[in-house]
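# Summary of structural features
Residues per chain are reported as follows:
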Amino acid sequence: MILTVTLNAALDITYHLDRLRPHRSNRVRSVVQRAGGKGVNVSRVLHALGQPTAVTGLAGGPTGEALRSELASAGLADRLVPIADESRRTVTVVDELAGDATILLEPGPLVSTGEWDRFLDRLDTLLPAAQAVVFSGSLPRGVPADAYAELVLLAHTHGVPAVVDADGPALRASLAAKPALVKPNADELAAVTGLRDPVRAAHALQGAGAKSVVASLGPDGLIAVTPDGSWQACVPERLFGNPTGAGDAAVAALTLGLVTGASWPDRLAEAVALSAAAVAAPLAGDFDPVVRAGLLPLVEIQPLRSLLCP
């Protein structure tokens, strides 16, 4: 079982428009509401791939109840810890004509010290059954700034490899605990290291404690710096759609490869194909299986020396 942790779980609301016209009234073509947050999206992808997974984190108020109800409807194992304050909502506006999305992120609830302690107790009981654990997304108010470091260390006590997909101070703090993998995007990588060269920045994160670093670079695909070597996975073609859950799909693929012991080139090819297939799907946490199957054999993996993708 792969356990995902979403401390700032959300109720995702996705609006699809033919075209987004800023500063004007916009007619919505369709709207979907469901449980979200980066870890929840990772679990959705794993569940669709037929892999056992469970969702934990924090959820509160009527919004939290709505997202927990949707998790049950989706068949995802809910191990969330209730809190008093209201969970956040996220709003994604998909511009079909542009093939892109605009995202509005609420800050999230205030978590008390007692609620954080109860979550730590819950995680401690869940980890023995996990083959890997994914810590994803932002931290709600009241949670310690070094929360991911604390959680990675807790995973270590159970011999469970930890994957971290976060940014800023939360990502930086996690490195001292030596996670098995961190997966920033290009902007997050530059922000946390102060380095514009993503290859140098990825090596810097590895030097700071991460065992392996995989960074998503948009049209330039993925780069990976690992103890077994360094590679770049090139995207065969650019797809347009909703990119909101693409990074989460990549994390799902990389974590599954970690659990199964797949080679790094195979992990990266699957991560590229699955993230592209997520862009082609209408909602974060979904992917288009036809797109995934078509792209997988076309992904090009090269030793990483300098950025080579066109």
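This report concerns the structure included in the present document. Computed from a prediction, not measured in an experiment: that's the story for all the values here. (Residues numbered from 1 in each chain as written. Predicted model: local features only at pLDDT ≥ 70, side-chain atom pairs only at ≥ 80, totals over all residues. Heavy atoms only, no water.)

## What about the pattern of salt bridges?
Think of it this way: side chains of opposite charge can pair up when their charged atoms draw near. Stated formally: Note on definitions: salt bridges are taken to be side-chain nitrogens of Lys or Arg within 4 Å of carboxyl oxygens of Asp or Glu. Strands here mean DSSP runs of E at least two residues long; helices mean DSSP runs of H or I at least four residues long; both are numbered from the N terminus. Exposed residues in this analysis have more than 50% of their type's maximum accessible area, buried residues have under 20%, and partly exposed residues fall in between, with area computed by a 1.4 Å probe over protein chains only.
One pass over the full model with this rule turns up nine salt bridges. Notably, a salt bridge pairs arginine 29 with aspartate 18, separated by 3.0 Å at the nearest N-O pair. In this pair, arginine 29 is assigned in the loop between strand 2 (10-17) and strand 3 (30-36) and aspartate 18 in the loop between strand 2 and strand 3, connecting sequence segments 11 residues apart. Among the salt bridges present, the one from glutamate 106 reaches arginine 89, with a minimum N-O distance of 2.9 Å. Placement of glutamate 106 in the loop between strand 8 (100-105) and helix 3 (113-126) and of arginine 89 in strand 7 (residues 88-95) is noted, with a sequence separation of 17 residues between them. On the accessibility criterion, glutamate 106 (30% relative accessible area) is partly exposed. Look at the salt bridges and you will find they share partners, linking Lys38, Asp165 and Asp248 into a network.

## Brief notes about the nonpolar core
Definition in use: What makes a nonpolar core is a set of buried Ala, Val, Leu, Ile, Met, Phe, Trp, Tyr and Cys residues whose side-chain atoms join them at distances within 4.5 Å. Contact definition: two residues touch when any of their heavy atoms are within 4.5 Å.
The biggest cluster of nonpolar side chains holds 47 residues, and the ones touching the most others in it are Leu7, Trp116, Phe119, Leu123, Val133, Phe135 and Leu151. Ranked by residues supplied to this core, first place goes to helix 4 (residues 147-157) with seven residues. With residues near it in sequence (within four places) discarded, tryptophan 116 still touches Leu7, Val111, Val143, Pro144, Ala147, Glu150 and Leu151. By size, the runner-up hydrophobic cluster in this structure holds 29 residues, among which are Val42, Val163, Ala233 and Phe287.

## A short note on the sheet that holds strand 3
Selection rule: Should DSSP find at least two bridges between two strands, the strands are taken to pair. Note on method: axes are straight lines fitted to C-alpha atoms, helices fitted across the in-contact stretch only, with angles between N-to-C directions ranging 0 to 180 degrees.
The mixed open sheet is built from four strands, whose spatial order is 3-2-7-8. Because the sheet does not close on itself, it has two edges, and the strands there are strand 3 and strand 8. Here the strands of the sheet are splayed against their neighbours by 20° on average, with no regard to which way each runs. Pairing analysis gives seven bridges linking strand 2 to strand 3, with the strands arranged antiparallel. Looking at the pairing, threonine 14 lines up with valine 32 of strand 3. Of the strands in this sheet, strand 2 and strand 3 touch helix 1 (residues 38-48), which is tilted by about 95° from strand 3. Packing of helix 2 (residues 61-74) onto the sheet brings it into contact with strand 2, strand 3 and strand 7, and relative to strand 3 it is tilted by some 90°.

## Thoughts on the packing of helix 1 against helix 8 (residues 246-260)
Where we set the bar: In these notes the angle categories are as follows: under 35 degrees is roughly parallel, over 145 is roughly antiparallel, 65 to 115 is roughly perpendicular, and the rest is oblique. For any pair of crossing helices, the crossing counts as left-handed if the nearer helix is rotated counterclockwise from the farther one by less than a right angle, and right-handed if it is rotated clockwise. Note that Gly is not counted as nonpolar here; it falls among the polar residues with everything else outside the nonpolar set of Ala, Val, Leu, Ile, Met, Phe, Trp, Tyr, Cys and Pro and the charged set of Asp, Glu, Lys and Arg.
Here helix 1 crosses helix 8 at 60°, and the two axes come no closer than 8 Å. The angle between helix 1 and helix 8 places the two elements in the oblique class. As helix 1 runs across helix 8, the sense of the crossing is right-handed. Contacts between helix 1 and helix 8 involve Lys38, Asn41, Val42, Val45 and Leu46 from the former and Asp248, Ala249, Val251, Ala252 and Leu256 from the latter. Across the contact of helix 1 with helix 8, the residue classes break down as seven nonpolar, one polar and two charged.

## Description of the packing of helix 8 against helix 9 (residues 264-279)
Describing two packed helices takes the angle between their axes plus the distance from one axis to the other. Where helix 8 meets helix 9, the axes come as close as 8 Å, and the angle between the chain directions of the two elements is 150°. Judged by the inter-axis angle, helix 8 sits roughly antiparallel to helix 9. Relative to helix 9, helix 8 is oriented so that their crossing is right-handed. Side by side, helix 8 and helix 9 meet where Ala246, Ala249, Ala250, Ala253, Leu254, Gly257 and Leu258 of the first sit next to Trp264, Arg267, Leu268, Glu270, Ala271, Leu274, Ser275, Ala278 and Val279 of the second. Residues that form the contact of helix 8 with helix 9 fall into these classes: 12 nonpolar, two polar and two charged.

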